[in-house]
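# Per-entry structural report
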Amino acid sequence: MQRTMLKSKLHRVHVTHSELGYEGSCAIDEDLLDAADIKEYQQIEIYNVNNGERFTTYAIRAQRNSGIISVNGAAARKAMPGDILIIATYAVYNELELEKFKPDLVYVDAMNRIKDKRREIPVQAA
């Protein structure tokens, strides 16, 4: 059996640009791409915390250490500067791979600088 699992997540990044006239995609600071193991042109899922929009696009590289998160093309209608996003990738794993599976989770500050990186989901207290 194979299961589709969360592979990586950029948690609560802030949109810095929204470029309607651009071809499409989401430009992400190269430091964040590396931290979350997201490759350029990889499919990403975006969840907008501010307005509830959920959409699919692909990642492109923005300047390293710039803090840029730019939602481009048609997706620019779904997010605007200042909005908070969760950017996720998923992968398919077999049962053997799942024994060692842990997603890459990247947490940022208000300037989209990495403040924490984990390979497990923290347990919430009840």
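What counts, and where the lines are drawn
- Residues numbered from 1 in each chain as written.
- Predicted model: local features only at pLDDT ≥ 70, side-chain atom pairs only at ≥ 80, totals over all residues.
- Heavy atoms only, no water.
- UniProt positions renumbered as here; feature names shortened; annotations may be inferred.
- Helix = DSSP H or I, 4+ residues; strand = E, 2+ residues; numbered from the N terminus.
- Contact = heavy atoms within 4.5 Å.
- Polar contact = N/O pair within 3.5 Å; in protein donor to acceptor, adjacent residues only side chain to side chain.
- Salt bridge = Lys/Arg side-chain N within 4 Å of Asp/Glu carboxyl O.
- Buried < 20%, exposed > 50% of the residue type's maximum accessible area, 1.4 Å probe, protein only.
- Phe/Tyr/Trp six-rings, centres within 6.5 Å; stacked < 30°, edge-to-face > 60°.
- Lys NZ or Arg CZ within 6 Å of the ring centre and 35° of its normal.
- Core = buried A, V, L, I, M, F, W, Y, C linked by side-chain atoms within 4.5 Å.

In the annotation of an unreviewed UniProt entry, the protein chain is listed under the name Aspartate 1-decarboxylase and assigned to Novimethylophilus kurashikiensis. Under Subunit (unreviewed entry), UniProt gives the following word-for-word description of the protein chain: "Heterooctamer of four alpha and four beta subunits."

Right, let's get into the UniProt feature "modified residue: Pyruvic acid (Ser)" (unreviewed entry) in the protein chain. Feature annotation in UniProt places "modified residue: Pyruvic acid (Ser)" (unreviewed entry) on Ser25, given in this structure's numbering. With respect to the helices, strands and loops of the structure, Ser25 is situated in strand S3 (residues 25–29). What Ser25 contacts, discounting residues up to four positions off in sequence, is Thr57, Tyr58, Ile60, Ser70, Val71 and Asn72.

Further remarks concern the UniProt feature "binding site: substrate" (unreviewed entry) in the protein chain. In the numbering used here, UniProt assigns the "binding site: substrate" (unreviewed entry) feature to Thr57, Gly73, Ala74 and Ala75. Across 19 residues in sequence, these annotated residues keep their C-alpha atoms within 9.8 Å of one another, forming a single compact spot. Locating Thr57 in the fold gives a position in strand S5 (residues 54–62). The residues contacting Thr57, other than those within four sequence positions of it, are Ser25, Cys26, Gln42, Gln43, Ile44 and Ile46. In this structure the side chain of Thr57 is engaged in a polar contact, spanning 3.4 Å, whose partner is the backbone nitrogen of Ser25. With respect to the helices, strands and loops of the structure, Gly73 is situated in the loop between strand S6 (69–72) and strand S7 (84–94). Those residues within four positions of Gly73 in sequence are excluded, and the remaining contacts are Glu19, Leu20, Tyr22, Glu23 and Gly24.

In this structure the tally under the stated criterion is 11 salt bridges. In this structure, Arg3 engages Glu95 in a salt bridge whose closest nitrogen and oxygen atoms are separated by 3.0 Å. Taken together, the residues span a long stretch of sequence, with Arg3 in strand S1 (residues 2–14) and Glu95 in helix H2 (residues 95–98) at a distance of 92 residues. Of the charged contacts in the structure, one is a salt bridge between Glu53 and Lys78, with a shortest N-O distance of 3.1 Å. Of the two residues, Glu53 is situated in the loop between strand S4 (43–48) and S5 and Lys78 in the loop between S6 and S7; the sequence distance between them amounts to 25 residues. We classify Glu53 as partly exposed; its relative accessible area is 29%. Counted as one network, the salt bridges with shared partners bring together Glu30, Asp31, Asp34, Glu40, Arg61 and Arg64.

Counted according to the given criterion, the structure contains 2 aromatic pairs. Ring centres 4.9 Å apart and planes at 55° place the aromatic pair Tyr93 and Phe101 in the tilted group. Using a relative accessible area of 16% as the deciding quantity, one classes Tyr93 as buried. The ring centre of Tyr107 lies 4.7 Å from the NZ or CZ of Arg118, which sits over that ring.

This brings us to the nonpolar core. Residues Leu10, Ile28, Leu85 and Ile87 are the most contacted members of the largest nonpolar core, which totals 22 residues. At 3 residues, the largest contribution of residues to this core is made by helix H1 (residues 30–35). Leave out the neighbours within four places in its chain, and Ile28 touches Leu10, Leu33, Ile44, Ala59, Ile60, Arg61, Ala62, Ile68, Ile69 and Ile87.

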